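Residue strings, one per chain:
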Amino acid sequence: MASYQLLKTIEDDGMRVRTAERLLALREQLNSEIPAKTATETLLLATWNIRDFGDGRTLESCHYIAEIIDHFDIVVVQEISAYHLGGFQTVMSILGDNWSYIMSDGVAGGTGGNEAMAFVFNVNKVKPTGMVGEVVLPPEELINGLQFARTPYMASFRAGWFDFKLCTVHIYYGDESKEKNEEGVVTRRINEIGAIASNLLARQKKEDISYILLGDFNIPDINGKYFNALASDPKKGFFVPKEIQKHPTDLGQVSHYDQIAFKLKLSQSMVLFKDGEQKAGAFNFTKSVYRHSDEVSDWEVYRYLFDPKNEKTEKQAIASYKKKRTWQMSDHLPLWVELKIDFSDQYLKNQIK
């Protein structure tokens, strides 16, 4: 459970009270929408692109981010500012000693943006099993002579009976107005999606372990070429459960930027996820914190962040609030899934056959 001791250090009385009130609302929403944690039966896995996650978050926002993470067992985070870790470190402090993380280095260069990615996990439920590394393409697999714009990051874990490798990505987006080809796709983006899927599938053929590929793929919808590059043939390649496909992850809940895809090596009797029985979703935190502009009280109390000199009209202030709040929380919603990880009954039954 997250610690709230840092609330005492918020000097502004109004901010401290508001933070406590909104945390209660957020907790209520999380408890109603996210399945309860279990000791050994299930794993709650999430992926979250936290926009430009650097030093600019307020202590208030860090509490909200920590509260959301704390309702899962492992959260994979993209877009961390590798050289400005103040916000990330504050969130980890709020999460407390039951939480740990494994983080990549920042990716230098214009397309890399010095972004890092991290596996943030509850140590009571999830155990690292020793493998950590970046996915670097061999010469014959380069994308028009290039590596990934942001290097995919991978680590191995165990939760209950389930051993798996997690690989997280933040796929190239590009300038859609300039970079789309005659088929209407950004070539580098779709090639990166195909390259990481193919590379991991080739690895898994040589290994006895399940793979989960997740993160920000910058996929606009589940009916187009970008999604097909990830999961066009679920029998041979990665698959995305239908329950996950139902949930867009932008704040407007239109685009399916983030995905969680699987390539499993389990016996047929061991079911990790079954559509209709287990849950998945995109958690819309704007129902509880940094709410939409029809909540007039919000943009007024946050005016000190977005219009400290009180220079904007009400319309301008609301427009500014809608945009700039994404740098306090994110412009992505966390995408999550509930997985079954207790295969003890199946294992014992297999011994009888």
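About the thresholds
- Residues numbered from 1 in each chain as written.
- Predicted model: local features only at pLDDT ≥ 70, side-chain atom pairs only at ≥ 80, totals over all residues.
- Heavy atoms only, no water.
- Helix = DSSP H or I, 4+ residues; strand = E, 2+ residues; numbered from the N terminus.
- Buried < 20%, exposed > 50% of the residue type's maximum accessible area, 1.4 Å probe, protein only.
- Contact = heavy atoms within 4.5 Å.
- Axes fitted to C-alpha atoms, helices over the stretch in contact; angles between N-to-C directions.
- Parallel < 35°, antiparallel > 145°, perpendicular 65-115°, else oblique.
- Left-handed = near helix turned anticlockwise from the far one by under 90°.
- Nonpolar A, V, L, I, M, F, W, Y, C, P; charged D, E, K, R; others polar.
- Phe/Tyr/Trp six-rings, centres within 6.5 Å; stacked < 30°, edge-to-face > 60°.

Along the chain, the position of Leu201 falls in helix H5 (residues 187-205). In this structure Leu201 comes out as buried when scored by relative accessible area, which is 19%. In sequence terms Leu201 and Lys236 are 35 residues apart; their C-alpha atoms lie 8.8 Å from each other. Not counting residues within four places of it along the chain, the set of residues in contact with Leu201 comprises Lys236, Gly237, Phe238 and Lys263.

Leave glycine aside and you will find that most residues have negative phi; peptide bonds, for their part, are mostly trans. Residue Glu79 is not a glycine yet carries a positive backbone phi of 70°. Mapped onto the elements of the fold, Glu79 is located in strand E2 (residues 74-81). Phi is positive for Gln253, which is not a glycine, with a value near 55°. Relative to the helices and strands, Gln253 resides in the loop between helix H7 (242-245) and strand E9 (258-263).

Before going further, it helps to examine the packing of helix H1 (residues 13-33) against helix H2 (residues 59-70). At a closest axis distance of 10 Å, the pairing of H1 and H2 adopts a crossing angle of 15°. With respect to H2, the axis of H1 lies roughly parallel. Between H1 and H2 lies a crossing whose hand is right-handed. Every residue of H2 that contacts H1 at Met15, Arg18, Thr19, Arg22, Leu23, Leu26, Arg27 and Leu30 is listed here: Glu60, His63, Tyr64, Glu67 and Ile68. Taken together, the residues of the contact of H1 with H2 break down into 6 nonpolar, 2 polar and 5 charged.

It is worth spelling out the packing of aromatic side chains at this point. Tallied over the entire structure, the rule returns 13 aromatic pairs. Ring centres of Tyr64 and Tyr290 lie 6.2 Å apart, and the angle between their planes is 80°; on these two criteria the pair is classed as edge-to-face. On the criterion of sequence distance, the pair formed by Tyr64 in helix H2 and Tyr290 in the loop between strand E10 (280-282) and helix H8 (296-301) is long-range, its members being 226 residues apart. Taking relative accessible area as the criterion, Tyr290 reaches 0% and is therefore assigned buried. The interplanar angle of 65° and the centroid separation of 5.6 Å between the aromatic rings of Phe119 and Phe157 together place this pair among those described as edge-to-face.

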